[in-house]
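The lines below spell out each chain.
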Amino acid sequence: MAEQVDVVVVGLGVGGEEAAGRLAQAGLRVVGIESRLVGGECPYYGCIPSKMMIRAANLIAETRRVDGMAGTASVQPDWAPVAKRIRVEATDDWNDKVAVDRLVNKGATVLKERATFTGRNTVRAGDREFEATRGIVIATGTIPAVPPIDGLAGTPYWTNREAIEADTLPASIVVLGGGAIGMELAQVFARFGSRVSVIEGAAEVLSMEEPESGVLAREALERDGVTFHTGLHAKQVGYAGNTFTVTLDDGSAVSGEKLLVATGRRIATDELGLDQLGLDPKARRIEVDGHVRAGDKVWAIGDVTGVGVFTHNAMYQADIAVRDILEEPDAPTASYHAMPRVTFTDPEIGAVGMTEKQAREAGLDVRTGSTPIPASTRGWIHKAGNEGFIKVVADNERGVLVGATSAGPTGGEVLSALAVAVHAAVPVHSLRQMIYAYPTFHRAIGEALKAL
């Protein structure tokens with residue numbers, strides 16, 4: 001017989017953990033089910049450890065920028081302290097006890113099992129079955145999407161997980177994919193001395209962002225020694241003698257000691273039994289409404305909704321789900337028009353809302369303005385490593401920004417002002433009348449607005 005509880009949360013990544021913890025603290029009987037690590041991809045294989053890697057790689061680059069500005073300096077890269085910091089400080093050697101205890105202390109029951117939906121409101125985990133009287137929250141995240149390239153299966157290729165776990169770095173590595181993950185890790189490896197090649201099927205890297213962002217990132221990584229093969233697809237993979245050889249569709253080949261597959265992510269709900277909830281088990285995402293409801297007494301949050309593979313979106317949707325489940329009178333509905341995102345390369349590339357292309361495809365009367373960071377006073381002062389730009393995308397009819405990009409030494413931080421402007425639909429006229437502190441990187445926002 002099924003055990004009665006209020007809510008079952010399937011998947012305890014950042015969104016699932018947040019939802020389960022808050023619902024338990026509100027007094028509900030909550031069962032959280034996770035087959036892997038509680039906390040999910042972000043703290044163990046994504047956001048946190050990768051940014052430790054990037055911080056270390058950027059220190060190397062900054063040291064190399066001393067010459068000509070503050071004397072002379074040399075640096076000998078050493079991966080050992082980086083690997084140790086990830087293992088000890090970030091992941092507890094990939095042990096989730098702290099996260100489990102944190103959730104249990106909030107009042108939730110945590111089961112380290114695979115979950116299967118057995119009915120409209122029932123879930124099986126191991127040898128136990130639960131009936132969720134208030135509802136079910138699906139927060140199962142995504143896994144790396146590995147393309148069906150001839151010869152790839154069965155080889156010891158890396159995904160982001162193996163790259164994060166690496167105690168030593170290879171002498172050479174081929175990166176499949178020029179998106180955010182591929183670009184961030186490629187730059188890290190190159191700055192620590194690996195010979196890096198990036199293969200990207202699109203004409204330019206970071207193809208989902210402004211074209212200027214892709215050009216900026218590519219040029220930055222090329223200065224770090226990265227070789228690019230864009231507009232080409234991997235046709236075949238060979239592995240022999242501890243070396244990968246990737247044959248491209250133009251007949252050329254790229255070789256490396258390791259192969260990192262960073263070609264996106266996909267949901268993994270095949271064996272969940274979504275059909276028992278009235279959902280399509282073959283869908284590429286779980287469709288949700290403004291309250292992140294996927295059905296009657298079913299909510300879905302995070303990557304599995306396909307809104308954006310971002311930790312901040314999972315947390316955002318978790319808040320909406322929790323408040324809806326608790327039937328708060330002022331429970332908000334979701335709005336994604338000002339979704340922020342940052343690619344943590346150097347220079348850092350932050351973006352919010354629509355790109356120029358997306359705005360035009362949406363039928364808006366588009367105006368754009370941009371300014372290079374080196375032309376700003378702070379950019380000129382910064383000098384070494386000052387590459388970047390600010391671009392704003394305006395809906396001319398409404399007189400508001402619908403998108404913006406902030407690329408530069410602190411691109412992700414400067415983005416915050418632009419995110420507020422897009423989120424709140426602040427009139428461009430008001431933004432132009434603002435007083436921007438001098439000399440700052442964010443002051444360049446005013447120059448980009450003048451160029452509209």
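Above this text is the structure in question.
The structure contained in this document is the topic of the report that follows. (Residues numbered from 1 in each chain as written. Predicted model: local features only at pLDDT ≥ 70, side-chain atom pairs only at ≥ 80, totals over all residues. Heavy atoms only, no water.)

## Comments concerning the overall build of the chain
Alright, step 1. Along the backbone of the chain there are 14 helices and 22 strands.
Alright, step 2. For 452 residues, the compact-globule estimate of 2.2 N^0.38 gives 22 Å, and the chain sits close to it at 23 Å.
Alright, step 3. Overall, the chain is about 75 × 65 × 40 Å in size when its C-alpha atoms are taken along their principal axes.
Alright, step 4. The contacts of the chain with a sequence gap of at least 6 include a subset with a gap of at least 24, amounting to 64%.
Alright, step 5. Within the structure as shown, the chain displays about 20,400 Å² of accessible surface, and the carbon and sulfur contribution to it stands at 50%.
Alright, step 6. Where the 45 positive side-chain charges of the chain centre and where its 57 negative ones centre are 3 Å apart. (Helix = DSSP H or I, 4+ residues; strand = E, 2+ residues; numbered from the N terminus. Rg over C-alpha atoms; globule rule 2.2 N^0.38 Å. Contact = heavy atoms within 4.5 Å. Areas by Shrake-Rupley, 256 points an atom, 1.4 Å probe, with all protein chains shown as cover. Lys, Arg positive; Asp, Glu negative; His and termini not counted. Charge placed at Lys NZ, Arg CZ, Asp CG, Glu CD.)

## Structural notes on the sheet that holds strand 13 (residues 253-256)
Alright, step 1. In space, the three strands of this open sheet follow the order 11-12-13, with antiparallel pairing throughout. Only two strands of the sheet have a single partner each, and these edge strands are strand 11 (234-240) and strand 13. Between one strand and the next, the sheet's axes are offset by a mean angle of 20 degrees, whatever the strand orientation. (Pairing = 2+ DSSP bridges. Axes fitted to C-alpha atoms, helices over the stretch in contact; angles between N-to-C directions.)

## Details of the sheet that holds strand 9 (residues 195-200)
Alright, step 1. The strand order across the open sheet built from four strands is 10-9-8-14, with neighbouring strands paired in parallel fashion. Bordering the open sheet on either side are strand 10 (227-230) and strand 14 (258-261), each of which pairs with just one other strand. When the angles between neighbouring strand axes are averaged without regard to direction, this sheet yields 15 degrees.
Alright, step 2. As paired elements, strand 9 and strand 10 share four bridges and run parallel to each other. By the bridge assignment, I199 is partnered in strand 10 with H229.
Alright, step 3. Along the sheet, helix 7 (residues 180-191) makes contact with strand 8 (172-176), strand 9, strand 10 and strand 14, crossing strand 9 at roughly 165 degrees.

## Here we look at helix 5 (residues 97-105)
Alright, step 1. Buried within helix 5 we find A99, V100 and L103. Down the axis of helix 5, the smallest arc covering the buried residues is 100 degrees, so these residues share one side. When the buried face of helix 5 is taken as reference, the exposed residues oriented beyond 90 degrees from it are K97, V98 and N105.
Alright, step 2. Packing partners of the buried residues in helix 5 comprise helix 1 (14-25), helix 2 (41-45) and strand 3 (109-111).
Alright, step 3. Phi for G107, located one or two positions after helix 5, is positive at around 110 degrees. (Buried < 20%, exposed > 50% of the residue type's maximum accessible area, 1.4 Å probe, protein only. Arc of directions from axis to C-beta.)

## A look at the nonpolar core
Alright, step 1. If you look at the biggest cluster of nonpolar residues, it comprises 69 residues, and the most contacted ones within it are V30, M53, F189, F192, V196 and L260.
Alright, step 2. Non-local contacts of L260, meaning those with residues more than four positions away in its chain, are made with W158, T159, N160, A163, I173, V174, V175, L176, L185 and F189.
Alright, step 3. By size, the runner-up hydrophobic cluster in this structure holds 24 residues, among which are V31, A115, I138 and I286. (Core = buried A, V, L, I, M, F, W, Y, C linked by side-chain atoms within 4.5 Å.)

## Description of the packing of helix 3 (residues 47-64) against helix 7
Alright, step 1. In contact at an axis separation of 9 Å, helix 3 and helix 7 are set at 45 degrees when each is read in the N-to-C sense. Considering the angle they form, helix 3 stands oblique to helix 7. At the point where helix 3 passes helix 7, the crossing takes the left-handed sense. Residues S50, K51, M53, I54, A57, N58, I60, A61 and R64 of helix 3 form the contact with helix 7, whose own contacting residues are E184, L185, V188, F189 and R191. (Parallel < 35°, antiparallel > 145°, perpendicular 65-115°, else oblique. Left-handed = near helix turned anticlockwise from the far one by under 90°.)

## Description of the side chain of E17
Alright, step 1. Looking at the secondary structure, you find E17 in helix 1.
Alright, step 2. At a separation of 2.8 Å, a polar atom in the side chain of E17 contacts the side chain of R102.
Alright, step 3. When near neighbours in sequence (up to four residues on either side) are disregarded, E17 contacts L12, V38, G39, A99, R102 and L103. (Polar contact = N/O pair within 3.5 Å; in protein donor to acceptor, adjacent residues only side chain to side chain.)

## Quick notes on unusual backbone geometry
Alright, step 1. With an omega of 10 degrees, the peptide bond between D346 and P347 qualifies as cis.
Alright, step 2. By secondary structure assignment, the location of P347 is in the loop between strand 18 (340-343) and strand 19 (348-353).
Alright, step 3. Residue Y438 is joined to P439 through a cis peptide bond whose omega torsion reads -10 degrees.
Alright, step 4. Looking at the secondary structure, you find P439 in the loop between helix 13 (428-432) and helix 14 (444-450).
Alright, step 5. Phi is positive for L206, which is not a glycine, with a value near 50 degrees.
Alright, step 6. Position of L206 among the secondary structure elements: in the loop between strand 9 and helix 8 (211-223).
Alright, step 7. Its relative accessible area of 6% is what places L206 among the buried residues.
Alright, step 8. Of note, V292 is a non-glycine position whose phi angle comes to about 55 degrees, a positive value.
Alright, step 9. A relative accessible area of 0% means that V292 is categorised as buried.

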